[in-house]
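# Secondary and tertiary structure notes
Take a look at the letters that make up each chain.
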Amino acid sequence: STNTTISEMKDVVLSYAIHFLTGDFPYCKEIRSFLHGYSGFMAVRKANDKNGADLNWFHRFFICVLSSFGGAILTPMWLGKPSSIIATDMTMLISLAVNVLVFYTPFDMGYKLGKLFPIKLILTIGSSLFKTMGMIGFCTVAFDVLKTNPAATEYYPIPIFGPIIWASLLGNMGPFFMKGFHVHLEKGMPYPFQAGLFWMPFYHFYVHDTEGPIGNYLRQAVDSIPWIPVGLDNRTFALLMVSTGNQLVGILQMSELLGSSFSPFVRVYNALFAAKPEKKAGLPPKNETNNSNNNGNQRKKPASKRKKKQ
C-alpha cells in the first residue's frame, strides 16, 4: 500500500542519515578530511591570498595546512600522542591535493568551483562531520588513557575534566598557533570552545559514565523523552545528537545565511543573562530631555544686538 511504501522510504532515509551523521560509511575518514581541507584552503585564500600569488607558495601552503588541520597536528602532543602529520600520511596527501585544486588548476577552476553555493554547502557538511568525529575521537582517546589513572578518578568513577578539555582544545590549537593566545580569546569565547564545552560533557557522561550518578541520571532523562529515537546504542545516539547539532550550526554559519559570528549558545546566554538597560526613575527619555532643553533654554541674543524700536 501507499502508506507502507512511504513508511519504508522514511525508514531508508532515516537509516542513511544516521549512518552519515555518525560517520558509518565507506571511506568516511578520507572523504570528510578532503572536504574539510578543501574548505580550509578556500577560507585562507579568500582571507589572505585572493589572487593566488600574494604570498610565497611555501608560506601560504603551511598557513593553509595549519588553518585546516592545526588541531589534529598540535593537540595530540598534550597527551603524549604523535602528531597526525607524522603519524599518518593522509594529512599531508590531502593537503597537497587540495593545494593543487585551490591554487593551481587551469583557469582557476578549483577556486571558482569552491565559491559556488552548492559546493560550499557540501564542503560545510563535510567539514562539520570532520569536526564532530574529531571531538568524539579525542574525547574517547583521553578517556581510555585516563580511566586507569588513579589521580584522574580520585573524586569520581571516571575522569571528568580531562577528556572534555582535550576534545575542546582540538578546534582551538590552530588559531592559538596562528593568531596567538590573546588575539584568539580577546573577543570572548571562540565558537570551537563553545561547541566543545557544550557537546563534550553530554557525550562524555552519556557514553562513558556507566557507574556514576551523572551518567545514569542523564540517560534516564533522555529515555523519558517520547520522541527520542529508539533502537540505538548509547554511543550512536550521543554521536548522532552531537553531529546533528554541529551540522545545523555549521550550515547557519555560512556567509549566505547568518554568518560565521552566529552562535546559538551566545543567543541563549544573552536571552537569559545579558543585562538590560534600566530606565532611571523620574527622567524622561533622552530625546525628550534634549528637546525640552533646546526648547526651554534657548540662548537669547544680547540686548546690545537687538534692534532698537523706533
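For the structure itself, consult the block above.
Reading the values: rules and limits
Every chain is numbered on its own, with residues counted from 1 as its sequence reads. Two thresholds apply to this predicted model, a pLDDT of at least 70 for residue-level local features and 80 or more for giving and counting side-chain atom pairs, whereas whole-chain, interface and lining totals are computed over all residues. Values reported for side chains reflect all heavy atoms of the structure, with hydrogen atoms and water molecules removed beforehand. Numbering of helices and strands runs from the N terminus, with a helix taken as a DSSP run of H or I at least four residues long and a strand as a DSSP run of E at least two residues long. Contacts between residues were defined by any pair of non-hydrogen atoms, one from each residue, lying within 4.5 Å. Exposure was quantified through the Shrake-Rupley algorithm and a 1.4 Å probe, taking into account, for residues, occlusion by the shown protein chains and nothing else. Only protein chains enter the area calculation, which uses a 1.4 Å probe; residues under 20% of their type maximum are buried, those over 50% are exposed, and those in between are partly exposed. None of His or the chain ends enter the tally, which takes Lys and Arg as positive and Asp and Glu as negative. Put simply, a salt bridge is a Lys or Arg side-chain nitrogen that is within 4 Å of an Asp or Glu carboxyl oxygen. Centres within 6.5 Å are what make two rings of Phe, Tyr or Trp a pair, Trp counting through its six-membered ring; a difference in plane orientation under 30 degrees is then read as stacked, over 60 as edge-to-face, and the rest as tilted. Remark: a charge is flagged as sitting over a ring if the NZ atom of Lys or the CZ atom of Arg is within 6 Å of the ring centre and within 35 degrees of the ring normal. Each helix should span, by expectation, one fewer than its residue count multiplied by 1.5 Å. Two axes enter the bend calculation: one fitted to the seven residues ending at the residue in question, the other to the seven starting there, and the bend is the angle between them. As used in this structure description, the phrase polar contact means that two N or O atoms lie within 3.5 Å; if the pair is within protein, one of them must be able to donate a hydrogen and the other to accept it, and residues adjacent in sequence are counted only when both atoms belong to side chains. Residues belong to a common nonpolar core when they are buried Ala, Val, Leu, Ile, Met, Phe, Trp, Tyr or Cys residues joined through side-chain atoms within 4.5 Å. A patch consists of residues whose relative accessible area exceeds 30% and which take part in no salt bridge; residues with like charges are grouped when within 9 Å of each other, and nonpolar side chains (Val, Leu, Ile, Met, Phe, Trp, Tyr) when within 5 Å.

Here we take up the overall build of the chain. Along its length, the chain carries 15 helices and zero strands. Contacts in the chain between residues at least 24 apart in sequence constitute 70% of all its contacts with a sequence separation of at least 6. Summing over all exposed atoms, the chain offers an accessible surface of approximately 19,700 Å²; the carbon and sulfur share of this is 63%.

Further remarks concern the environment of Ile 160. Tracing the chain through its elements places Ile 160 in the loop between helix 7 (117-146) and helix 8 (161-169). Residue classification places Ile 160 among the partly exposed residues on the basis of a relative accessible area of 25%. Separated by 45 residues in the primary sequence, Ile 160 and Phe 205 place their C-alpha atoms 8.4 Å from one another. Setting aside anything within four residues of it in sequence, one finds Ile 160 in contact with His 204 and Phe 205.

Phi at Tyr 27 is positive, roughly 60°, even though this residue is not glycine. Checked against the element boundaries, Tyr 27 lands in the loop between helix 1 (2-21) and helix 2 (28-48). Phi at Phe 107 is positive, roughly 60°, even though this residue is not glycine. Tracing the backbone through its elements, the reader meets Phe 107 in the loop between helix 5 (90-103) and helix 6 (109-114). When its relative accessible area of 72% is taken as the criterion, Phe 107 is described as exposed.

Further remarks concern the side chain of Arg 32. Assignment of secondary structure puts Arg 32 in helix 2. Buried and unpaired, Arg 32 has no salt bridge, with Glu 30 as the nearest side chain of opposite charge at 7.6 Å. Beyond its immediate stretch of four places on either side in the chain, Arg 32 contacts Gly 126, Leu 129, Phe 130 and Met 133.

Another aspect to go through is the packing of aromatic side chains. Throughout the structure, instances matching the rule amount to 16 aromatic pairs. Consider the rings of Phe 69 and Phe 130, whose centres lie 5.9 Å apart with planes at 75°: the pair is edge-to-face. Remark: Phe 130 occurs in helix 7 and Phe 69 occurs in helix 3 (residues 57-74); sequence separation between them is 61 residues. Each member of the pair, Phe 69 together with Phe 130, is buried. Grouped by ring-pair contacts, the aromatic residues Phe 41, Trp 57, Phe 58, Phe 61 and Phe 62 constitute a single cluster. The cationic tip of Arg 45 hangs over the ring face of Tyr 111; the distance from NZ or CZ to the ring centre is 3.9 Å.

The terminal C-alpha atoms of helix 3, which comprises 18 residues, lie only 22 Å apart, well short of the 26 Å expected from a rise of 1.5 Å per residue. Its axis deflected by about 70° at Ser 68, helix 3 carries its strongest bend there. Most of helix 3 sits out of view: 13 of its 18 residues are buried. Among the residues of helix 3, the N-terminal cap falls to Asn 56, whose side-chain oxygen and the backbone nitrogen of Phe 58 are separated by 2.9 Å.

Looking at where Asn 234 falls in the secondary structure, it is placed in helix 13 (residues 234-252). What makes Asn 234 partly exposed here is its relative accessible area of 35%. Spatially, the C-alpha atom of Asn 234 lies 9.2 Å from that of Tyr 203, the residues being 31 residues apart in sequence. Here Asn 234 is in contact with Tyr 206, Val 207 and Arg 219, once residues within four sequence places are set aside.

With that settled, the discussion passes to the nonpolar core. Within soluble globular proteins, side chains that are nonpolar generally end up buried alongside one another. Core analysis: the biggest nonpolar cluster contains 32 residues, and Trp 199, Met 200, Phe 202, Tyr 203, Tyr 206 and Val 242 have the highest contact counts within it. Secondary-structure elements contributing two or more residues to this core are helix 7, helix 8, helix 11 (191-208) and helix 13. Residue contributions to this core peak at nine residues, all from helix 11. Tyr 203 has contacts with Ile 136, Cys 139, Thr 140, His 208, Arg 235, Ala 238, Leu 239 and Val 242, leaving out every residue within four places of it along the chain. In this structure, Leu 35, Cys 64, Ile 73 and Met 90 belong to the second largest nonpolar core, which totals 25 residues.

Nonpolar side chains collect at one region of the surface, where Trp 57, Phe 58, Phe 62, Val 100 and Tyr 104 lie side by side and expose about 530 Å² of accessible area between them. It is helix 3 that contributes the most residues to the nonpolar patch, three residues altogether. Along the chain, Tyr 104 turns up in the loop between helix 5 and helix 6.

The next point concerns the pattern of salt bridges. Close approach of charged atoms lets side chains of opposite charge pair. In the structure shown here, the tally under the stated rule is three salt bridges. For Arg 45, the salt bridge goes to Asp 108, with nearest N and O atoms at 2.7 Å. On the criterion of sequence distance, the pair formed by Arg 45 in helix 2 and Asp 108 in the loop between helix 5 and helix 6 is long-range, its members being 63 residues apart. For Arg 45, a relative accessible area of 3% translates into the label buried. For Lys 147, the salt bridge identified is with Asp 144, shortest N-O distance 3.7 Å.

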